[in-house]
Amino acid sequence: MKQTRREFLKTGALSTLFLGTGLVPATRTTKVREQGEAKNVIVLVSDGMSSGTLAMADLMLRRRDGNRSNWIRLYEEGIVSRGLMDMASANRIVTDSSAASSSWGCGHRVNNGSVNIGPNGEIYKPVFSVFREGGKATGLVTTTEITHATPAGFAANVESRSMGEEIARQYLDRRVDVLMGGGNRHFDSEHRSDGTDLYEEYRNHGYDVVKTTSELQEIAGTDNRLLGVFTDGHLPYSLDHEHIAELQKTVPSLAAMTDLALRKLSHYDNGFILQVEGGRVDHAAHGNDAGGLIFDQIAFDKAVGVALAYTEGRDDTLVILTTDHGNANPAFNSAPDEHFDRIAEFTHTNSWIRRGLDAESSLSQIRERVEAATHIGISETDAGIYQKALKGNYSSVYHQMSSHSAALGQIIANHTDVGWTGNSHTADYIELASFGPGSEALNGFIRNTDLFTIMVEAAGLKQYV
Ligand SMILES: [Zn+2]
C-alpha cells in the first residue's frame, strides 16, 4: 500500500479541484489505448438508467448551467467505445439488479434475486475475489445500502439479495478495502438478528469505521481499510440532500465518496477495482419521480467527473460507464420547453411529498405539500386523484400505474410533460461507454456476461478465475 507523495498529491489535487463542478478539463489528453493491461478498473453504474434519464440529465445541465454532462461529453468528444448491452438474466428478459450485477460480477447469468449463485446452486467466484487474488485492492461506493444488489454482485455470493447481514459479513471476510454507502442496520448489533457488532469486527481487522461526513474527513489521510456507513437504510435522494442542511452534515455526496475511494485505493501499488453506484436513480424511476431521477443522475455524473479527473493523463485505467437495466423509461414528451425547465425549480422529491401526507390528508394539504416541493400548483381535481391513491382507491387503465407514486408522477407530468411507461425495470438494451485498456472490446452489441471477461482480461487476471 505504497505510493509516492507526489502521486498522492497529484491525484488528490486533481480530484478535489474538479469535485465542486463535476467537470473534467475541456481538453483530455488521455487517448483510448488499443491494447495492454489495465492496472485499475473503475465501473460506474447508474442503477435503472433508461436512455431518457441520461438525456434529461444532460438537457437539465445544459439549460440550467450551460454545461454538458460528463457522460454525454465523452460521446461528443468521440474518445470512448460505445456499445449496447443485453442485460437479460437466467430466468427473465427483464433483469433485476442482483442478476444484472452478477452477470458482470461472475460472468454467468443467474436468476433474478440471486447474487453470484446459479440456478442449480452453482457458486461462482465474484470479480472482486479474482482481483484480490491477483493482488489488487477492491472498493464499493453507493448511494444505496452498501449491501444492496449492485455492489453485492461484485463481491458476494448469496442465494437472495435480501441477505444483507450475510453480505455485510462477506465483505469483511473477503477484505473489501473500501466500502461506503448506507445500511447501518446490517452492521449494528442492535439491528442484526445474530446480535453481532459487525463494526467492532471490522475495526478489529484494521478498518477505519466512520458514520458521518466529518468523521470521513478525519480518516481521509490514513492507509487503513475503510467502512463508511452513513444512514440506516439508503442514502437520501440528491435533491433532498441538497436542500436539507442536516443531511449534508452527516451524509457525503456520491462524488465526495468517489473522490475519497480513489485516493484510498490509489495507495495500492498493484492497482484496484472500484465500483461506484448511483443507486437511487432506480428508486426514483420506480417512484415515477422526475426531480428525484434527474438530480440523482446529475449527482452520479459528478462522480463520473471525479473518475475522469483521476484518469486524466493516465493510460492504465479501464473506465466503464453503464447501467444495469432501464426503468420506467421516462422521457420529456413534446411540449413547450418551459415545462421541462420547471423541474430545475424543484427542491424536494416525490418521496419527500409522500412522507408529509397520509390517507387522511386534505386536498389543500396535498396541494401545499406538492407546491412546497415543486413550485407547481396542481388542480383540485388532480389533488383529489392523489388523495384517492393515498387511500388505495385509485385505479389506472394500465394497472401498473395504479400506485400512489404513479398517480403523483402523472399529476406532476401534467406540468412537466415528463412521462413514464410504467414503474418497473424494462427490457431495453442499455448504454455502455468505456475508455482505457480493454475498452476496444466494448463496442457494438455486448452480452452482459462479456463484461466480466473483458474486465478480467484487461487486468491480466484470467488465471485467477
Ligand atoms: Zn429496481
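Shown above is the structure to which this text applies.
The shown structure was predicted, so the numbers you read here are calculated from the model rather than taken from an experiment.

Teacher, can you tell me more about the coordination of the zinc ion here?
Octahedral six-donor coordination of a metal ideally yields angles of 90 or 180 degrees, compared with 109.5 degrees for tetrahedral four-donor coordination. All of the protein donors around the zinc ion are Asp-282 (OD), Asp-282 (OD), His-286 (NE2) and His-425 (NE2); their distances to the metal are 2.0 to 2.8 Å. In this structure, the zinc ion is surrounded by 4 donor atoms whose angles at the metal cover 51 to 135 degrees, and the resulting shape is irregular. Along the chain, the residues donating to the zinc ion fall in the pattern D-x3-H-x138-H. You can see Asp-282 and its partner His-286 sitting in helix 13 (residues 280-286), 4 residues apart, about one turn around the helix. A relative accessible area of 27% places His-286 in the partly exposed class.

Can you help me understand the packing of helix 17 (residues 363-374) against helix 18 (residues 380-390) in this one?
Think of two packed helices as two axes; the pair is described by the angle between the axes and how far apart they sit. The N-to-C vectors of helix 17 and helix 18 enclose an angle of 100 degrees; their axes lie 9 Å apart at closest approach. Relative to helix 18, helix 17 is oriented roughly perpendicular. Every residue of helix 18 that contacts helix 17 at Leu-363, Ile-366 and Arg-367 is listed here: Glu-380, Ala-383, Gly-384, Tyr-386, Gln-387 and Leu-390. Residue composition of the contact of helix 17 with helix 18, grouped by class: 5 nonpolar, 2 polar and 2 charged.

For this particular structure, what's the right way to read the pairing of strand 4 (residues 178-182)?
Here is the key point about a regular strand: its side chains alternate between the two faces of the sheet. With 5 of 5 residues buried, strand 4 is to be regarded as a mostly interior element. In the sheet, strand 3 (residues 137-145) pairs with strand 4 via 4 bridges, with the strands oriented parallel. When the bridges of strand 4 are listed, Glu-145 appears paired with Gly-182. Relative to strand 6 (residues 225-229), strand 4 runs parallel, the two sharing 4 bridges. Across the sheet, Gly-181 pairs through a bridge with Val-229, a residue of strand 6.

Definitions and limits used
- Residues numbered from 1 in each chain as written.
- Predicted model: local features only at pLDDT ≥ 70, side-chain atom pairs only at ≥ 80, totals over all residues.
- Heavy atoms only, no water.
- Donors = N, O, S within 2.8 Å, 3.2 Å for Na, K, Ca; no water.
- Tetrahedral: all angles 85-135°; square planar, octahedral: opposite > 155°, others 65-115°.
- Helix = DSSP H or I, 4+ residues; strand = E, 2+ residues; numbered from the N terminus.
- Buried < 20%, exposed > 50% of the residue type's maximum accessible area, 1.4 Å probe, protein only.
- Axes fitted to C-alpha atoms, helices over the stretch in contact; angles between N-to-C directions.
- Parallel < 35°, antiparallel > 145°, perpendicular 65-115°, else oblique.
- Contact = heavy atoms within 4.5 Å.
- Nonpolar A, V, L, I, M, F, W, Y, C, P; charged D, E, K, R; others polar.
- Pairing = 2+ DSSP bridges.

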